[in-house]
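In case you want the letters, here they are:
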Amino acid sequence: MTSSIRKFIFHDLQAIEGYIDPPDALVFLAILRSQQAASLQGGLAEIGVYYGRSYFLLRKICGDAEKIVAIDPFDIVKPDHGVAQYDRFVAGGRQLGLSVDGARVIKSDSTLLRPEDIIERAGMVRFFSIDGGHMLHHVEADSRLAAASLAEHGIIVFDDTFNPAWPEVTAGVTDFLREGAGRFSVFCLTKYKTYLCRQAFHEFYSRTIKTSTELKAFDHLETKFLGSTAIRLHNPMRRRIAYEVMVGLGMRALSERAYR
């Protein structure tokens with residue numbers, strides 16, 4: 001099963017246009033598997049689907065029975081493609097042999113939604129990925145929405161937290177943590193994403209990151225983020241270069257070896 005999903009991450013999934021970095025795909029895998037092993041139940045939700053790369057990763061790991069809410073305006077227009085964003089999303093699923101649960105796709109600006117819109121479709125959420133609008137008001141609205149629909153054991157993943165191109169994401173995530181008065185804490189940081197949970201589950205998820213065999217290829221460095229200890233997964237430049245070279249040479253099937 002592990003080899004099948006790793007092949008999916010490093011080979012099959014790359015056919016879908018999108019941005020999830022292989023290290024984060026492996027973090028998703030580690031967290032979702034730890035939740036399954038501990039019988040921590042709940043739905044999944046994603047703000048910012050684009051063409052479905054992370055959506056199909058969630059679907060592949062969790063299976064067709066899981067309830068995944070996908071939120072996106074689906075208003076991207078690229079004349080050179082000639083296909084609407086939503087249609088490309090669904091077509092990508094067919095290409096990968098994975099289904100899109102149309103009943104749980106919400107075509108909307110996420111800032112207009114209520115927690116009930118998510119809970120009615122998936123129940124309380126155990127894994128909530130936020131990669132929608134990158135301005136402060138987007139992050140504020142999306143973080144409130146995620147927190148209000150999150151199961152007690154759930155996690156929230158913020159994308160582009162420290163990307164200098166989007167400084168208001170950093171401000172929004174920091175404000176969310178401060179305003180929460182310690183309810184949430186960061187347990188993992190990568191180059192692109194920040195992972196947080198409620199304080200009561202910080203030890204559980206920290207242990208997941210520390211012990212996951214999927215993440216042993218990375219340097220585990222401890223850092224502090226607003227009073228909580230977080231594990232920063234460092235991906236050495238030599239490994240990233242090796243991976244990019246293999247991908248560039250058309251060796252996607254072998255690129256997975258760079259992350260063992």
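Now for a look at the structure at hand. (Residues numbered from 1 in each chain as written. Predicted model: local features only at pLDDT ≥ 70, side-chain atom pairs only at ≥ 80, totals over all residues. Heavy atoms only, no water.)

Examining the overall build of the protein chain
Okay, so step 1: In terms of regular secondary structure, the protein chain is built from 10 helices and nine strands.
Okay, so step 2: Taking 2.2 N^0.38 as the reference for a compact globule, 260 residues should give roughly 18 Å; the C-alpha atoms of the protein chain span a radius of gyration of 17 Å, in line with that estimate.
Okay, so step 3: The dimensions of the protein chain, computed from C-alpha atoms along their principal axes, are 50 × 40 × 40 Å.
Okay, so step 4: The proportion of buried residues among the 260 residues of the protein chain is 54%.
Okay, so step 5: Of the roughly 11700 Å² that the protein chain leaves accessible, carbon and sulfur atoms contribute 52%.
Okay, so step 6: Each charge class in the protein chain can be summarised by its mean position, and for the 32 positive and 31 negative side chains these summaries are 7 Å apart. (Helix = DSSP H or I, 4+ residues; strand = E, 2+ residues; numbered from the N terminus. Rg over C-alpha atoms; globule rule 2.2 N^0.38 Å. Buried < 20%, exposed > 50% of the residue type's maximum accessible area, 1.4 Å probe, protein only. Areas by Shrake-Rupley, 256 points an atom, 1.4 Å probe, with all protein chains shown as cover. Lys, Arg positive; Asp, Glu negative; His and termini not counted. Charge placed at Lys NZ, Arg CZ, Asp CG, Glu CD.)

Notes on helix 6 (residues 136–148)
Okay, so step 1: Across its 13 residues, helix 6 extends 18 Å between first and last C-alpha, which sits within 8% of the 18 Å expected from 1.5 Å per residue.
Okay, so step 2: Every buried residue of helix 6 is listed here: His-138, Val-139, Ala-141, Asp-142, Ser-143, Leu-145, Ala-146 and Ala-147. (Expected span 1.5 Å × (residues − 1).)

Considerations on the sheet that holds strand 3 (residues 105–107)
Strand-to-strand pairing in sheets goes through backbone hydrogen bonds, with the strands running parallel or antiparallel.
Okay, so step 1: Strand order in the open sheet formed by nine strands is 3-2-1-4-5-7-6-9-8, with mixed pairing between adjacent strands. Among the strands making up the open sheet, the edge pair consists of strand 3 and strand 8 (219–225). Strand after strand, the sheet turns through a mean of 20° between neighbouring axes, direction not considered.
Okay, so step 2: Sheet topology note: the strand 6 (residues 184–189)/strand 7 (residues 193–198) ladder contains five bridges and is antiparallel. Pairing of Ser-185 across the sheet is with Cys-197, part of strand 7. (Pairing = 2+ DSSP bridges. Axes fitted to C-alpha atoms, helices over the stretch in contact; angles between N-to-C directions.)

Remarks on the layout of surface pockets
Which parts of space are left empty comes out when a probe the size of a water molecule is rolled across the atoms.
Okay, so step 1: Looking at the largest pocket, its volume works out to about 530 Å³.
Okay, so step 2: In this structure, the largest pocket is lined by 31 residues; those nearest its centre are Gly-18, Tyr-19, Ile-20, Asp-131 and Asp-159.
Okay, so step 3: Counting residues per element, the ones that place at least two in the lining of the largest pocket are helix 2 (22–37), helix 3 (53–62) and helix 9 (237–248).
Okay, so step 4: Looking at the lining of the largest pocket residue by residue, the class counts come to nine nonpolar, nine polar and 13 charged.
Okay, so step 5: In this model, the second largest pocket occupies a volume close to 210 Å³.
Okay, so step 6: Around the second largest pocket, the lining comprises 14 residues; the ones closest to its centre are Thr-190, Lys-191, Leu-233, His-234 and Asn-235.
Okay, so step 7: Ranked by residue count, the leading element in the lining of the second largest pocket is strand 9 (residues 228–234), at three residues.
Okay, so step 8: Residues belonging to the lining of the second largest pocket are distributed by class as follows: six nonpolar, three polar and five charged. (1 Å grid on protein atoms, 1.4 Å probe; cavity = no way out; pocket = protein on both sides within 12 Å on 5 of 7 lines; lining within 4 Å. Points joined across faces, edges and corners; volume = space filled by probe spheres on them. Nonpolar A, V, L, I, M, F, W, Y, C, P; charged D, E, K, R; others polar.)

As for the packing of aromatic side chains
Okay, so step 1: The full count for this structure, using the stated rule, is 16 aromatic pairs.
Okay, so step 2: Taken together, a centroid distance of 5.3 Å and an interplanar angle of 25° make the contact between Tyr-19 and Tyr-50 stacked. With Tyr-19 in the loop between helix 1 (2–10) and helix 2 and Tyr-50 in the loop between strand 1 (43–47) and helix 3, this pair connects stretches of sequence that are 31 residues apart.
Okay, so step 3: Judged by its relative accessible area of 17%, Tyr-50 is buried.
Okay, so step 4: One Lys or Arg, Arg-88, reaches over the ring of Tyr-51 and ends 4.0 Å from the middle of that ring. (Phe/Tyr/Trp six-rings, centres within 6.5 Å; stacked < 30°, edge-to-face > 60°. Lys NZ or Arg CZ within 6 Å of the ring centre and 35° of its normal.)

A word on the side chain of Asp-160
Okay, so step 1: Relative to the elements of secondary structure, Asp-160 occurs in the loop between strand 5 (150–159) and helix 7 (167–179).
Okay, so step 2: Look at Asp-160: it is buried, it has no salt bridge, and the nearest opposite charge is Lys-193 at 7.4 Å.
Okay, so step 3: Filtering out sequence-adjacent residues up to four positions away, Asp-160 remains in contact with His-134, Trp-166, Val-169 and Tyr-192. (Salt bridge = Lys/Arg side-chain N within 4 Å of Asp/Glu carboxyl O. Contact = heavy atoms within 4.5 Å.)

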